[in-house]
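# Overview (structure and organization)
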Amino acid sequence: MTQIAQTRPAGGTANAVARSTKAAVQVTQAAEAPQQYLTFLLGGEMFAVGILNVKEIIEYGNLTEIPMMPPFIRGVINLRGSVVPVVDLSARFGHAQSEVGKRSCIVIVEVSESDFRHDIGIMVDAVSEVLEIPASEIEPPPSFGARIRADFIQGMGKVAGKFVILLNIARVLSVEEIAMLAKVSSGDGSPSV
C-alpha cells in the first residue's frame, strides 16, 4: 500500500502565526521595558530626551555665529572636524534666548530624517541625570496648557511625583523645518547657499 504524505511548506500558516505572535510579544515587552532618558534643565523646567538619540555632552563654548539665522540657532561648533549647528532650545520653544551660565552645556543628539542622520547640538542650562522611566509612568502629551508646542512633546514622564517633559527630538530639531525658518529669516525667500 502506498502512502501519500502531505507536505506543507516550511513557514506555513502555523509558523506565520507563531512568528507574528512572537513579534507582537517582543514589541509589547519592549514597550513595557523602562526606557532611558537624559534629563536636563531649561528655564527652570525639567526636560528629557531618549538616551539613544544622545551622542555626547560637551562644555558650552567656541561657537561661531552665523549671520541671518533664526534666533534659536546660536551658531556652529567644530566637533572633531564636523560642523554641528547648535540650537538654543529655549529660543526654539518661543522664549527668550538662554543665558550662558557655569553649568550650560551642549548635548549632541543624532536626528534621523528620511534616510539621513544629522548631528545637532542643543544648548541647555544644565544636564541632570539619566533616568529609566517605565512606559506605565508615561502619560500622553497635554492637548493644551503646555509652554511649548504640543507636537514637540512625546509624553509626560512621572518621576518622584513630578512630571518630566519628554521631547520628541525629531520634531523639535526637524532639519526641514529649521531650513525653512532659516530661509524665511534671511529675508529674501531665495534658497541660501
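Notes on the structure follow. Please read all numbers here as calculations on a predicted model, not as lab measurements.

Here is what the cut-offs are and how they apply
Residues numbered from 1 in each chain as written. Predicted model: local features only at pLDDT ≥ 70, side-chain atom pairs only at ≥ 80, totals over all residues. Heavy atoms only, no water. Helix = DSSP H or I, 4+ residues; strand = E, 2+ residues; numbered from the N terminus. Areas by Shrake-Rupley, 256 points an atom, 1.4 Å probe, with all protein chains shown as cover. Pairing = 2+ DSSP bridges. Axes fitted to C-alpha atoms, helices over the stretch in contact; angles between N-to-C directions. Buried < 20%, exposed > 50% of the residue type's maximum accessible area, 1.4 Å probe, protein only. Contact = heavy atoms within 4.5 Å.

## A few points about the overall build of the protein
When you go through the protein residue by residue, the secondary structure sums to 4 helices and 11 strands. Accessible area of the protein: about 12,200 Å², with a carbon and sulfur share of 55%.

## Some points on the sheet that holds strand β3 (residues 54–59)
The sheet built from 5 strands is open, its strands ordered β3-β6-β7-β5-β4 with mixed pairing. Looking at the sheet topology across the chains shown, the edges are occupied by β3 and β4 (73–79). Strand-to-strand twist of the sheet, defined as the mean angle between neighbouring strand axes without regard to direction, takes the value 30°. Sheet analysis places β4 next to strand β5 (residues 82–88), joined by 6 bridges and oriented antiparallel. Its bridge partner lying in β5, Gly75 is registered against Val86.

## Section: the environment of Ile165
Structurally, Ile165 can be placed in strand β11 (residues 162–167). Owing to a relative accessible area of 11%, Ile165 belongs among the buried residues under this scheme. The spatial distance from the C-alpha of Ile165 to the C-alpha of Glu139 is 9.9 Å, given a sequence separation of 26 residues. Excluding residues that lie within four positions of it along the chain, Ile165 makes contacts with Glu45, Met46, Phe47, Ala48, Ile148, Ile153, Gly155 and Met156.

## Section: the sheet that holds strand β2 (residues 45–50)
Sheets are built from strands paired through backbone hydrogen bonds, the pairs being either parallel or antiparallel. Read across the open sheet, the 6 strands follow the order β8-β1-β2-β11-β10-β9; overall the sheet is mixed. Bordering the open sheet on either side are β8 (126–133) and β9 (138–139), each of which pairs with just one other strand. Summarising the sheet, strand β1 (residues 35–42) and β2 pair through 6 bridges and their orientation is antiparallel. From the neighbouring strand, Leu41 faces β2, where its bridge partner is Met46.

## Brief notes about unusual backbone geometry
Residue Arg80 is not a glycine yet carries a positive backbone phi of 50°. The phi dihedral of Ala160 is positive, around 50°, even though this residue is not glycine. For Ala160, the location among the structural elements is in the loop between β10 (153–159) and β11. On the basis of relative accessible area, Ala160 is assigned to the exposed category, the value being 78%.

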